[in-house]
Amino acid sequence: LSLAILVFFLLNRWWGVGLAALTSVLFAIAARFHASIERSLARHKLLSHIKTTQLARIHLNWDGIPPAYPLAPTGEHPFEIDLDITGFRSLHQLLNTAVSREGSQRLHDWLLTTTPDLQRIRQRQTLVSELTPLTLFRDKLLMNSLLASGHSSQQVEGKRLLNWLQRQSLSTSLLPLLLGASALCLLTIALLLLNVFAGFLPLWTLSVLCTLALFFSTAHLRGDLFDDSFYLRDAFGTLSSVFEYLEQYPYGHHLHLKKLCEPFFMDHEHRP
């Protein structure tokens, strides 16, 4: 770019412009490859972290096993504390690879069940038997989840997103409000231009007052649009890579796993 500026002022303007354009194209190509390499490095580092953690689980190296999401012991459970089911250096910490808080809580509840359901236990055992040889599937699913959540110590809160969606299920359309606000803005601009260049009365001030009145009177309809959109961008961005992986994975003859993941690919119009 420095060379393009020198050429522009000292030699020929069109040569300078052409050199600047060429530099921009080359920079965009380099930035694209650089971003690809950065993503690849991040995935390899994360996969290495996953393997190191799994080795720590195999050898009961507690310092290398991430702590589970802290859940307070009930105190009245018949075997939770005596058998170290939960807490530090517990069975829950050893088994828990969940990225979401709800997943961690679900495993916690399974381990503390006092009235086992034999049929459900056998279904889970069948699923575990299918998942055991699928190392690549499990590692990639965990890797996509950790990449989406930002880092390995942060847990996704699915319940918060579900609560938001349930609160918004009866929301009215914002289209009439957007059209009305846009029309007032265009009217204000037109009246301002007429006032400046054609000597019309400053009617644009009335239009501004109408716009402000609309803005404050419809606050209950808009809600916290900025906060909501910012939160939803992160929430759905977190889930999209995980859901996409489950939607596109070739399940083949792994029938039980395929049945478990049916909601992700069976109905294309109502996929998550």
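See above for the structure.
Residues numbered from 1 in each chain as written. Predicted model: local features only at pLDDT ≥ 70, side-chain atom pairs only at ≥ 80, totals over all residues. Heavy atoms only, no water.

J.: Would you explain helix α6 (residues 135-149) in this entry?
T.: Helical geometry note: an α-helix holds 3.6 residues per turn, so side chains three or four residues apart project in the same direction. The end-to-end C-alpha distance of α6, which contains 15 residues, comes to 21 Å, matching closely the 21 Å that a straight helix rising 1.5 Å per residue would cover. Inspection of α6 places Phe137, Asp139, Leu142, Met143, Asn144, Ser145, Leu146 and Ser149 among the buried residues, and these make up the whole buried set. (Helix = DSSP H or I, 4+ residues; strand = E, 2+ residues; numbered from the N terminus. Expected span 1.5 Å × (residues − 1). Buried < 20%, exposed > 50% of the residue type's maximum accessible area, 1.4 Å probe, protein only.)

J.: Please clarify how the environment of Leu194 should be interpreted in this entry.
T.: Structurally, the position occupied by Leu194 is in helix α8 (residues 175-197). Given a relative accessible area of 33%, Leu194 falls into the partly exposed group. Along the primary structure Leu194 and Trp204 are separated by 10 residues, whereas in three dimensions their C-alpha atoms are 9.1 Å apart. Residues in contact with Leu194, not counting those within four places in the same chain, are Gly199 and Phe200. (Contact = heavy atoms within 4.5 Å.)

J.: How should the packing of aromatic side chains be read in this particular structure?
T.: To describe a pair of aromatic rings, one takes the distance between the centres and the angle between the planes. Summed over all chains, the structure comprises 8 aromatic pairs. Both rings, one in Phe137 and one in Tyr249, keep their centres 4.6 Å apart while their planes meet at 55 degrees; by these two values the pair is tilted. Of this pair, Phe137 sits in helix α6 while Tyr249 sits in the loop between α11 (225-248) and α12 (255-260), and the two are 112 residues apart along the sequence. Each member of the pair, Phe137 as well as Tyr249, carries the same accessibility label: buried. Each member of the aromatic cluster is reached from another via a ring pair, and the members are Phe137, Tyr245, Tyr249, Tyr251 and Phe265. (Phe/Tyr/Trp six-rings, centres within 6.5 Å; stacked < 30°, edge-to-face > 60°.)

Functional significance is not addressed by these values, which are geometric in nature.
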